[in-house]
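# Coordinate inspection notes
Listed here are the chains, written in short residue letters.
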Amino acid sequence: MIIAILVFVIVFYGYYKKIDVYSTFIDGSKEAFNVILTMFPSLLAMMFAINIILNSNFINYFSNFFKLIFDIPFEVIPMIILRPISSSSSLSILDSIFKSYGPDSKIGLLASVIQGSTDTTFYIISLYFGSIGIKKIGNTLKVCLLADIIGISASIIIVKLLF
């Protein structure tokens, strides 16, 4: 209902200002198509990389190594690994944690806090930087991954202290 009202208000405002709303919409659609064409290679590369990581059992090997070093639940480790890469993958892992342990369990709380305190770094960089043609992402990637590590570490500490 809100979207329909918003569209009506925009069309009415355009009519009031004597703007050809339809032609303006078509011009905007043409611009959006060009933006999609520039973003597509970056998105395709990202989807390809995610599928390789998911289908190669890399997550299982890395999770076992990660479990030996840090004292966190094994079920959360794949989400930690995939969160900077893919939001949908980490959300599906979060959903499976909720189904297995419940959202109010310690593992569910830890997974929720990690999900909320990190971001899809590689996706964002590949999408936004790729769409405007920036090739040098080294420092941005380092800072973003550092922010993810800080978010994950803070999540682990806060959940251990409070719950």
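Up top is the structure.
Everything numeric in this text was worked out from a predicted model, so none of it was measured.

## What to know about the overall build of the chain
If you tally the helices and strands in the chain, you get eight helices and zero strands. The C-alpha atoms of the chain give a radius of gyration of 21 Å, which is well past the 15 Å a tight globule of 163 residues would have. Principal axes of the C-alpha set define a box for the chain whose edges measure 65 × 35 × 30 Å. Going through the 163 residues of the chain one by one, you find that 29% of them count as buried. Contacts spanning at least 24 positions in sequence make up 58% of the contacts within the chain whose residues lie at least 6 apart.

## Overview of helix H5 (residues 87–101)
Between its first and last C-alpha atoms H5 spans 21 Å; for 15 residues at 1.5 Å apiece the expected length is 21 Å, and the two agree. Listed in full, the buried residues belonging to H5 are Ser-89, Ser-90, Ile-93, Leu-94 and Ile-97. Buried positions in H5, seen along its axis, are confined to an arc of 140 degrees and lie on one side of it. Of the exposed residues in H5, the ones pointing more than 90 degrees away from its buried face are Ser-88 and Lys-99. Positive phi appears at Gly-102, one or two residues downstream of H5, with a value of about 95 degrees.

## Focus on helix H3 (residues 58–69)
Spanning twelve residues, H3 covers 17 Å between terminal C-alpha atoms, matching the ideal 16 Å at 1.5 Å per step. Where H3 is concerned, the buried positions are Ile-59, Ser-63 and Phe-66. When H3 is viewed along its axis, its buried side chains cluster within an angular range of 70 degrees and face the same direction. Counted as exposed and oriented over 90 degrees from the buried face of H3: Tyr-61 and Leu-68.

## With respect to the packing of H5 against helix H6 (residues 106–117)
The geometry of H5 relative to H6 is characterised by a closest axis approach of 9 Å and an angle of 160 degrees between their N-to-C directions. As the angle between them shows, H5 and H6 are arranged roughly antiparallel. The hand of the H5/H6 crossing is left-handed. Judged by residue contacts, Ser-87, Ser-90, Leu-91, Leu-94, Ile-97, Phe-98 and Tyr-101 of H5 engage Ile-107, Gly-108, Ala-111, Ser-112 and Gln-115 from H6.

## Regarding the pattern of salt bridges
Tallied over the entire structure, the rule returns one salt bridge. Among the ionic pairs, Lys-99 bridges to Asp-95, the shortest N-O distance being 3.3 Å. In this pair, Lys-99 and Asp-95 both sit in helix H5, four residues apart, roughly one turn of the helix. What makes Asp-95 partly exposed here is its relative accessible area of 36%.

## Notes on unusual backbone geometry
Non-glycine residue Lys-18 carries a positive phi angle of around 60 degrees. Among the secondary structure elements, Lys-18 is positioned in the loop between helix H1 (2–16) and helix H2 (21–55). The class of Lys-18 is exposed, set by a relative accessible area of 76%.

## Notes on the side chain of Ser-126
By secondary structure assignment, the location of Ser-126 is in helix H7 (residues 121–132). Of the polar contacts made by the side chain of Ser-126, one reaches the backbone oxygen of Tyr-123; its length is 3.1 Å. If sequence neighbours within four positions are ignored, Ser-126 has contacts with Ser-42, Met-46 and Ser-131.

## Here's the deal with a nonpolar patch on the surface
Where nonpolar side chains cluster on the molecular surface, the patch consists of Met-1, Ile-5, Phe-8, Val-9, Phe-12, Tyr-13, Tyr-15 and Tyr-16 and spans about 1100 Å² of accessible area. Inspection of the secondary structure assignment puts Phe-12 in helix H1. For Phe-12, a relative accessible area of 51% gives the class exposed.

Thresholds, definitions, all that
- Residues numbered from 1 in each chain as written.
- Predicted model: local features only at pLDDT ≥ 70, side-chain atom pairs only at ≥ 80, totals over all residues.
- Heavy atoms only, no water.
- Helix = DSSP H or I, 4+ residues; strand = E, 2+ residues; numbered from the N terminus.
- Rg over C-alpha atoms; globule rule 2.2 N^0.38 Å.
- Buried < 20%, exposed > 50% of the residue type's maximum accessible area, 1.4 Å probe, protein only.
- Contact = heavy atoms within 4.5 Å.
- Expected span 1.5 Å × (residues − 1).
- Arc of directions from axis to C-beta.
- Axes fitted to C-alpha atoms, helices over the stretch in contact; angles between N-to-C directions.
- Parallel < 35°, antiparallel > 145°, perpendicular 65-115°, else oblique.
- Left-handed = near helix turned anticlockwise from the far one by under 90°.
- Salt bridge = Lys/Arg side-chain N within 4 Å of Asp/Glu carboxyl O.
- Polar contact = N/O pair within 3.5 Å; in protein donor to acceptor, adjacent residues only side chain to side chain.
- Patch = residues over 30% accessible without salt bridge, like charges linked within 9 Å, V, L, I, M, F, W, Y side chains within 5 Å.
- Areas by Shrake-Rupley, 256 points an atom, 1.4 Å probe, with all protein chains shown as cover.

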